[in-house]
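Survey of secondary and tertiary structure
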Amino acid sequence: MAEQELPGLLIMGIGGTHGVQESLAALLKKHFSVITMKELLENKKEMGKKIQCVFVSEFRPTIDQELLESLPNLKVIGNSGVGVDHLNLKMISNFGVKVTNTPHAVADSTADIGMALMLASARRLVEGFQIAVSPDTNYFAADWLGVEVTRATLGIIGMGRIGYKVAQRARAFEMKILYHNRNRRSKEEEQAIGACYSGMEDLLQQSDFVMLVVNLTPETEKLIGKKELGLMKPTATLINISRGAVIDQDALVEALQSKTIKAAALDVTYPEPLPRNHPLLKLNNVIITPHIGTATVQATHMMAEEAIANMLSVLNCQPIPSEVFPQ
Ligand SMILES: O=CC(=O)O
């Protein structure tokens, strides 16, 4: 098929300076005539008419009414990533535009980050690194003992694809796994991952590690606040690989300062990045990574492939593998 016959796709969030990102653009170009934001802005009328798909490659681009009004033939927004809390689904759907996401591609890499944060916090890896590279070579591991993840209790809040993958990994550490979710998993699935369904309160009270793996929705915003933190053990660690706003961050700072809980390990915060003077950055019982749950070569490519399959099925009027609907 000649290039000009390919459907027009607006690419949002790819800078083109990074090797991986450039290879993603090449992948998209096999199926679409790729139009950059710069090209759209230079010739809004002409370019706007060509665009049938928008590919969102990073978490926070603005897709507002004005942009949608400039794309009269837009059919689908293919989000690369599972979380779509940055998109106004209702407004987009009022334009007759579908939204898709990539729940399969993200699951392994995000579960890995959950495990990495849990292990790093439990075994004090960041402190260990700082000690290892400090000028003072006279140190003793006995002064900063960690705790073992093996056979500890893990409470997973949110048992979708990522939560399930976390449980599979935790099983290899012989962890006791509790989970809480809107819908209970089948008996077979619970057995396969060795996880027990639990009420929220019990889970918070019993877990040594609590991992948040829920989508951010109006129901899950500030799901973990002062009351919930107060239910956790003073020896427990809170790990967040979902979205920052699932935790009441002020309450978390207070709980960490007062040692209501032992530690937090966060891949997500609110906002991202945190202002450099934020109190969370000043605590030594917190480790933070900059939202890197899906930041692997493999996940980035799989997300693009999943998004492409989604967008092509919308254009070809075929069943859409991962459509997201307004709540
Ligand atoms: O944060 C990552 C995602 O939404 O997939």
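Residues numbered from 1 in each chain as written. Predicted model: local features only at pLDDT ≥ 70, side-chain atom pairs only at ≥ 80, totals over all residues. Heavy atoms only, no water.

The next point concerns the overall build of the chain. When its secondary structure is counted, the chain shows 13 helices and 13 strands. Principal-axis analysis of the C-alpha atoms places the extent of the chain at approximately 65 × 50 × 30 Å. Within the span of the chain, comprising 327 residues, buried residues form 49% of the whole. With the model as given, the accessible surface of the chain reaches about 16600 Å², and the carbon-plus-sulfur share is 53%. Across the chain, 32 positive and 35 negative side-chain charges occur, with their mean positions spaced 2 Å apart. (Helix = DSSP H or I, 4+ residues; strand = E, 2+ residues; numbered from the N terminus. Buried < 20%, exposed > 50% of the residue type's maximum accessible area, 1.4 Å probe, protein only. Areas by Shrake-Rupley, 256 points an atom, 1.4 Å probe, with all protein chains shown as cover. Lys, Arg positive; Asp, Glu negative; His and termini not counted. Charge placed at Lys NZ, Arg CZ, Asp CG, Glu CD.)

Now for the sheet that holds strand β8 (residues 195-197). Sheets are built from strands paired through backbone hydrogen bonds, the pairs being either parallel or antiparallel. Strand order in this open sheet of seven strands is β8-β7-β6-β9-β10-β11-β12, and the pairing throughout is parallel. Sheet topology places β8 and β12 (286-288) at the edges, where each strand pairs with a single neighbour. Between one strand axis and the next, the sheet turns by 20° as a mean value, whatever way the strands run. With four bridges connecting them, strand β6 (residues 153-157) and strand β9 (residues 209-212) associate as parallel partners. By the bridge assignment for β9, Leu154 is matched with Phe209. Where helix α12 (residues 249-257) meets the sheet, its contacts fall on β10 (237-240), β11 (263-266) and β12, and the angle it forms with β11 comes to roughly 140°. (Pairing = 2+ DSSP bridges. Axes fitted to C-alpha atoms, helices over the stretch in contact; angles between N-to-C directions. Contact = heavy atoms within 4.5 Å.)

On to the pattern of salt bridges. In this structure the tally under the stated criterion is 13 salt bridges. Between Asp108 and Arg169 there is a salt bridge whose closest N-O contact spans 2.9 Å. Taken together, the residues span a long stretch of sequence, with Asp108 in helix α6 (residues 103-122) and Arg169 in helix α8 (residues 161-172) at a distance of 61 residues. In this structure, the salt-bridge partner of Glu174 is Arg151, at a minimum N-O distance of 2.9 Å. Here Glu174 is found in the loop between α8 and β7 (176-180), whereas its partner Arg151 is found in the loop between α7 (125-133) and β6, with 23 residues between them in sequence. Taking the relative accessible area as the measure of exposure, Glu174 reaches 49% and is therefore partly exposed. (Salt bridge = Lys/Arg side-chain N within 4 Å of Asp/Glu carboxyl O.)

Quick look at the packing of α6 against α8 now. The geometry of α6 relative to α8 is characterised by a closest axis approach of 8 Å and an angle of 45° between their N-to-C directions. As summarised for this structure, α6 and α8 are arranged oblique, according to the angle between their axes. Crossing of α6 against α8: the hand is right-handed. Counted together, Pro103, His104, Val106, Ala107, Asp108, Thr110, Ala111, Asp112 and Met115 of α6 and Arg161, Ile162, Lys165, Val166, Arg169 and Ala170 of α8 form the full contact between these two elements. Within the contact of α6 with α8, the residues separate by chemical class into eight nonpolar, two polar and five charged. (Parallel < 35°, antiparallel > 145°, perpendicular 65-115°, else oblique. Left-handed = near helix turned anticlockwise from the far one by under 90°. Nonpolar A, V, L, I, M, F, W, Y, C, P; charged D, E, K, R; others polar.)

This part takes up the environment of His301. Here His301 lies in helix α13 (residues 297-315). The exposure class assigned to His301 is partly exposed, which follows from its relative accessible area of 23%. As for His301 and Leu24, which are separated by 277 residues in sequence, their C-alpha atoms are 6.7 Å apart.

Attention now goes to the UniProt feature "domain: D-isomer specific 2-hydroxyacid dehydrogenase NAD-binding" (unreviewed entry) in the chain. Taken from the UniProt record, the annotation "domain: D-isomer specific 2-hydroxyacid dehydrogenase NAD-binding" (unreviewed entry) applies to residues 115-293. Helix makes up 32% of residues 115-293 and strand 16%, with an end-to-end C-alpha separation of 11 Å. (UniProt positions renumbered as here; feature names shortened; annotations may be inferred.)

This part covers the environment of Pro103. One can find Pro103 in helix α6. For Pro103, a relative accessible area of 12% puts it in the buried group. Separated by 91 residues in the primary sequence, Pro103 and Met12 have C-alpha atoms spaced 19 Å apart.

One open sheet accounts for six strands, arranged β2-β1-β3-β4-β5-β13; its pairing is mixed. Edge positions in the open sheet fall to β2 (33-36) and β13 (323-324), since each of these has one partner strand only. Judged from the four bridges that link them, strand β3 (residues 51-56) and strand β4 (residues 76-79) form a sheet pairing that is parallel. Residue pairing for β4: Phe55 is matched across the bridge by Gly78. Docked against the sheet, α13 engages β1 (8-12), β3, β4 and β5 (98-100), running at close to 155° with respect to β3.

Attention shifts here to α6. When the terminal C-alpha atoms of α6 are compared, their 28 Å separation across 20 residues agrees well with the 28 Å that a helix rising 1.5 Å per residue should span. Here α6 lies mainly inside the structure; 15 of its 20 residues are buried. With its phi angle positive at about 55°, Arg124 sits one or two positions after the end of α6. (Expected span 1.5 Å × (residues − 1).)

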